[in-house]
Amino acid sequence: MPTFQYSPPDLDQAPQPVPRWKFILQIIKIGLLLTLWSFFTTVIIISPVHEIDISVVTILPNETLVRGLVSLKGIARITLQGTITAVQKNLPGREDIVPAVSMHLEWLDSISNQTTQRTDMWHVYLNKDLKKFVRISQLFYKPDMRGNEVRGLLMLEGKGDIPLALIMETDSSPMLTKFGVIYCVLLLLGLYIIIFFELTDPTLGVILMATTALATLTALGERPSLPLITSWVDFRVIMFMLSMMIISGITSESGILDWLAIQIYRISKGQKWLILIFLALVTSLLSSLIPNVTLVFLMGPIAVMLCEAALVQTQFVLYVVLVYANIGGAFTLVSDPLNMIIATNTDVDWIDFTVHMFPGVVCALIVGLPVIYLTMRKKFSQLEDTQILVTEERRTTSKDLIRQVAQREALLRMREPLRSCIRPSSNYFKTLAYLEIHYGISDKKLLAKCMIVLILVEMLFVLHTHPLVPGASLHSVALMGALLLVILTKLDDMETVLRYLDWSVVLFLSAHFVFIAVVHELGLVPWLGDLVVKVISSVETRHQKTVAILLIIWLTAFLAAIVNNIAVTEMLLGLIQELTMHRKINVPLSPLIWALAYGASFGANGTLLGSHSNLIGVVVARRFGYHITFLQFFRYGFPVMLATLSVASAYLLIAHTL
């Protein structure tokens with residue numbers, strides 16, 4: 001085995017003085033964070049919770065329901081929740097679509113009590129799937145702000161053929177600002193400055209920016225209540241991640257992950273770049289069958305072990321695992337939750353999705369490898385002091401082990417075929433002998449239990465959309481699998497189980513969910529939607545499909561890199577459905593669905609915040625003593641994002657325009 005030369009620091013040596021520039025930078029950093037804390041603390045403490053009137057309305061066919069609105073100030077926001085579509089705008093010229101409800105506001109004169117002004121009609125359409133519960137909002141402006149009107153009437157007309165019950169939220173004093181998008185940009189810029197330059201711990205940075213975003217919303221008169229803030233946190237994702245942490249942690253104790261690492265090392269003959277290629281291909285293949293978060297938990301330890309055996313930088317190989325997990329995750333509906341979001345809100349089935357995504361994913365897998373080689377080739381084999389120290393601590397060098405390694409090495413050389421298409425590396429036999437002796441499957445009974453649970457969980461992941469198992473959602477299946485594995489293996493040792501959980505990820509995700517929700521409340525998505533509609537409608541009809549495909553795939557990708565691919569998918573899905581129904585736009589829905597899927601999956605490679613699986617990669621690296629930084633991931637992931645998006649764009653244009 002190769003030996004590392006590492007000199008530990010002298011503990012008796014006097015501490016070196018801190019340079020002046022570092023001291024000044026530390027003062028600036030603390031001052032910035034204290035400014036953020038003072039801002040959101042002061043604003044939130046002195047501002048009351050914004051009150052919203054919530055009621056249930058039932059609209060009968062061909063009848064008008066009148067609701068009075070008191071103290072109306074020329075503007076109101078009406079939010080509806082129910083079995084309706086996400087299309088929010090009027091669709092003139094589309095009389096073939098029958099609205100379920102049409103509504104408008106009327107203002108009454110304070111003296112004569114007669115209607116003086118009214119808004120345009122807002123049409124809300126019934127969803128074909130009566131099980132889907134959708135929330136949409138609309139702002140109503142008084143045409144003329146002059147007058148003595150102090151009271152308004154909301155007129156709801158039933159246009160469908162069945163009664164419709166909706167939850168209606170009425171906000172008589174909504175936030176009205178032209179600078180909402182600017183605030184969004186400033187908040188996103190602040191978040192990336194904190195994380196990009198590592199001004200503080202990433203979890204603390206996201207918490208600070210989430211509270212700053214809440215303070216910004218509060219300063220604009222829209223302080224959300226605690227139940228509303230809690231509803232913004234997707235506990236399904238958090239439950240899924242915690243459950244998979246337990247399953248992967250217990251499974252790793254059986255030694256199956258070490259065994260898989262040994263097989264990859266044996267096939268690649270210890271060649272560094274072949275290890276990277278095989279690991280990328282295995283990751284992309286498995287990501288089409290296993291959810292990305294689960295896959296990163298399983299492949300992360302394998303990548304770490306191979307890096308320490310082949311003497312390459314661990315962080316680089318983990319980047320490749322994360323990147324190819326995101327690329328391969330675009331292949332099937334099971335691999336990534338965003339694919340399931342698209343499928344459940346459209347008429348796309350498993351086969352249709354896979355057939356349309358297969359060519360672009362294969363091309364992206366091929367294109368990604370040269371980009372990775374060009375960006376990593378110079379530093380791929382340069383080990384950091386941290387990796388040298390961590391590797392030394394995990395390896396034992398007893399005399400008995402050295403003798404066993406020598407015997408096993410001689411046996412491996414005798415079994416090596418005379419002719420091989422891959423030439424073994426210089427230390428291949430010694431490293432392989434060490435790995436086979438020191439690692440491998442250590443507990444076959446535990447492995448059998450883990451395999452039973454994993455197979456059961458994966459089967460339910462695949463079948464969770466089947467009518468026979470309507471309650472088999474991803475998060476509930478993962479939780480049941482984790483509980484079953486704990487019962488079978490760790491029933492009397494819960495302290496060990498809890499050590500598998502990384503609570504910093506829970507705090508990070510919770511704060512990130514709140515931050516994304518505030519960005520949405522400030523109006524970033526509606527502004528982008530209006531911009532997209534203007535751009536597409538401004539070109540000739542025969543070019544609208546091409547422009548729409550390119551605009552959706554690249555807009556989705558960059559938003560996914562900046563925010564999060566799952567959140568962006570939920571935001572933009574309603575936008576592409578609206579585009580296909582617009583009077584001035586003649587674009588079918590199908591190519592926009594594939595553009596959204598490619599953009600969300602490949603855009604996740606742009607930054608560390610692009611997907612939840614990227615954050616899990618940080619957790620796996622931390623378990624083994626390594627640190628993944630935002631800047632490093634951006635340096636190697638962003639070029640792959642640009643290359644894969646270019647290939648996917650070309651494929652979509654060839655398939656749907658040429």
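What you are looking at is a predicted structure, and each value in this text was computed from that prediction instead of being measured.

Our next topic: the overall build of the protein. Of the regular secondary structure elements, the protein holds 24 helices and nine strands. Of the contacts made within the protein by residues no fewer than 6 positions apart, 83% connect residues no fewer than 24 positions apart. Here the protein displays about 31300 Å² of accessible surface, and carbon together with sulfur accounts for 64% of that area.

The biggest cluster of nonpolar side chains holds 180 residues, and the ones touching the most others in it are Tyr265, Leu279, Phe515, Leu579, Tyr598 and Ile616. The greatest single-element share of this core, amounting to 14 residues, is contributed by helix 8 (residues 292-310). Apart from the residues within four sequence positions on either side, Ile616 is in contact with Met241, Met245, Val293, Val296, Phe297 and Val505. The next biggest cluster of nonpolar side chains, apart from the first, holds 22 residues, and it includes Val57, Ile84, Ile136 and Phe140.

Averaged over all residues, the pLDDT of the protein is 80; the fraction at 70 or higher stands at 86%. Confidence drops under pLDDT 50 across residues 88-95; counting only partners more than four residues distant or on other chains, this segment forms 19 contacts.

This brings us to the pairing of strand 9 (residues 164-171). Within strand 9, six of the eight residues are buried, which leaves the element mostly enclosed by the surrounding structure. Bridge count between strand 1 (residues 53-59) and strand 9: seven bridges; the pairing is antiparallel. Across the sheet, Val56 pairs through a bridge with Ile167, a residue of strand 9. Here strand 3 (residues 75-82) pairs with strand 9 via five bridges, running antiparallel. Looking across to strand 9, one finds that Arg77 is bridged to Asp171.

Moving on to the pattern of salt bridges. Side chains that carry opposite charge are capable of pairing whenever their charged atoms lie near each other. One pass over the structure, following the stated rule, counts three salt bridges. With a shortest N-O distance of 3.0 Å, Arg542 and Glu540 are connected by a salt bridge.

With that out of the way, let us pick up the environment of Phe638. Along the chain, Phe638 turns up in helix 24 (residues 630-656). For the pair Phe638 and Gly603, spaced 35 residues apart in sequence, the C-alpha to C-alpha distance is 8.5 Å. Aside from chain neighbours lying at most four places away, what touches Phe638 is Phe558, Asn605, Gly606 and Phe633.

What follows deals with the packing of aromatic side chains. Following the criterion strictly, the structure yields 15 aromatic pairs and no others. Both rings, one in Trp273 and one in Tyr373, keep their centres 5.0 Å apart while their planes meet at 65°; by these two values the pair is edge-to-face. Within this pair, whereas Trp273 is found in helix 7 (residues 272-287), its partner Tyr373 is found in helix 11 (residues 350-376), the two being separated by 100 residues in sequence. With centroids separated by 5.9 Å and ring planes inclined at 65°, the aromatic side chains of Phe353 and Trp594 adopt a geometry described as edge-to-face. In this pair, Phe353 is assigned in helix 11 and Trp594 in helix 22 (residues 589-603), connecting sequence segments 241 residues apart.

Okay, helix 16 (residues 474-489) next. Under the 1.5 Å per step criterion, the end-to-end length of helix 16 is 22 Å for 16 residues, consistent within 8% with the ideal 22 Å. Those residues of helix 16 lying buried are Leu474, Ser476, Val477, Ala478, Gly481, Ala482, Leu485 and Val486. Taken together, the buried residues of helix 16 touch helix 5 (235-252), helix 15 (444-463) and helix 17 (494-499).

A few words on the side chain of Thr203. Tracing the backbone shows Thr203 in helix 3 (residues 202-219). Using a relative accessible area of 11% as the deciding quantity, one classes Thr203 as buried. In terms of polar contacts, Thr203 uses its side chain to reach the backbone carbonyl oxygen of Ser504, at 3.4 Å.

Taken together, Phe179, Ile182, Leu186, Leu189, Ile193 and Phe197 make up a surface patch of nonpolar side chains, about 610 Å² in accessible area. Structurally, Phe179 is set in the loop between strand 9 and helix 2 (180-196). Judged by relative accessible area, Phe179 falls into the partly exposed class, the value being 48%.

Closest axis-to-axis distance for the helix 20 (residues 541-562)/helix 21 (residues 565-580) pair is 9 Å, and the angle between their directions is 155°. Classified by the angle their axes make, helix 20 and helix 21 are roughly antiparallel. The two elements helix 20 and helix 21 meet at a crossing, and its hand is right-handed. Where helix 20 abuts helix 21, its residues Ile552, Thr556, Leu559 and Ala560 lie against Asn565, Val568, Leu572, Ile576 and Leu579. Class assignment for the residues of the contact of helix 20 with helix 21 results in seven nonpolar, two polar and no charged.

This part covers the side chain of Thr216. Mapped onto the elements of the fold, Thr216 is located in helix 3. Excluding anything up to four places from it in sequence, Thr216 contacts Phe39, Tyr183 and Leu187.

For the rest of this paragraph, the subject is helix 24. Helix length check: helix 24 (27 residues) gives 36 Å between terminal C-alpha atoms against 39 Å at 1.5 Å per residue, within 8%. Of all the bends in helix 24, the greatest reaches close to 30° and is centred on Gly637; the proline Pro639 follows between one and four positions later.

The next subject is the pairing of strand 8 (residues 151-158). Most of strand 8 sits out of view: six of its eight residues are buried. Examined bridge by bridge, strand 4 (residues 101-108) and strand 8 share eight bridges and lie antiparallel to one another. Opposite Ser102, over in strand 8, you have Glu157 as the bridge partner.

What follows deals with empty space enclosed by the protein. Scanning the entire structure with this criterion turns up two cavities of 30 Å³ or more. As for the largest cavity, its lining consists of Ile516, Val519, Leu524, Val525, Leu528, Leu559, Val563, Val568 and Met571. At three residues, helix 19 (residues 524-537) tops the list of elements feeding residues into the lining of the largest cavity. Across the lining of the largest cavity, the residue classes break down as nine nonpolar, no polar and no charged. Of the pockets and cavities examined, the second largest cavity occupies roughly 40 Å³. When contributions to the lining of the second largest cavity are tallied by element, the ones reaching two or more residues are helix 9 (314-328), helix 11 and helix 24. A total of four residues in the lining of the second largest cavity trace back to one element, the largest contributor, which is helix 24. Of the residues assigned to the lining of the second largest cavity, the class counts are eight nonpolar, one polar and no charged.

Definitions and cut-offs
- Residues numbered from 1 in each chain as written.
- Predicted model: local features only at pLDDT ≥ 70, side-chain atom pairs only at ≥ 80, totals over all residues.
- Heavy atoms only, no water.
- Helix = DSSP H or I, 4+ residues; strand = E, 2+ residues; numbered from the N terminus.
- Contact = heavy atoms within 4.5 Å.
- Areas by Shrake-Rupley, 256 points an atom, 1.4 Å probe, with all protein chains shown as cover.
- Core = buried A, V, L, I, M, F, W, Y, C linked by side-chain atoms within 4.5 Å.
- Buried < 20%, exposed > 50% of the residue type's maximum accessible area, 1.4 Å probe, protein only.
- pLDDT = per-residue confidence, 0-100.
- Pairing = 2+ DSSP bridges.
- Salt bridge = Lys/Arg side-chain N within 4 Å of Asp/Glu carboxyl O.
- Phe/Tyr/Trp six-rings, centres within 6.5 Å; stacked < 30°, edge-to-face > 60°.
- Expected span 1.5 Å × (residues − 1).
- Polar contact = N/O pair within 3.5 Å; in protein donor to acceptor, adjacent residues only side chain to side chain.
- Patch = residues over 30% accessible without salt bridge, like charges linked within 9 Å, V, L, I, M, F, W, Y side chains within 5 Å.
- Axes fitted to C-alpha atoms, helices over the stretch in contact; angles between N-to-C directions.
- Parallel < 35°, antiparallel > 145°, perpendicular 65-115°, else oblique.
- Left-handed = near helix turned anticlockwise from the far one by under 90°.
- Nonpolar A, V, L, I, M, F, W, Y, C, P; charged D, E, K, R; others polar.
- Bend = angle between axes of the 7 residues up to and from the residue.
- 1 Å grid on protein atoms, 1.4 Å probe; cavity = no way out; pocket = protein on both sides within 12 Å on 5 of 7 lines; lining within 4 Å.
- Points joined across faces, edges and corners; volume = space filled by probe spheres on them.

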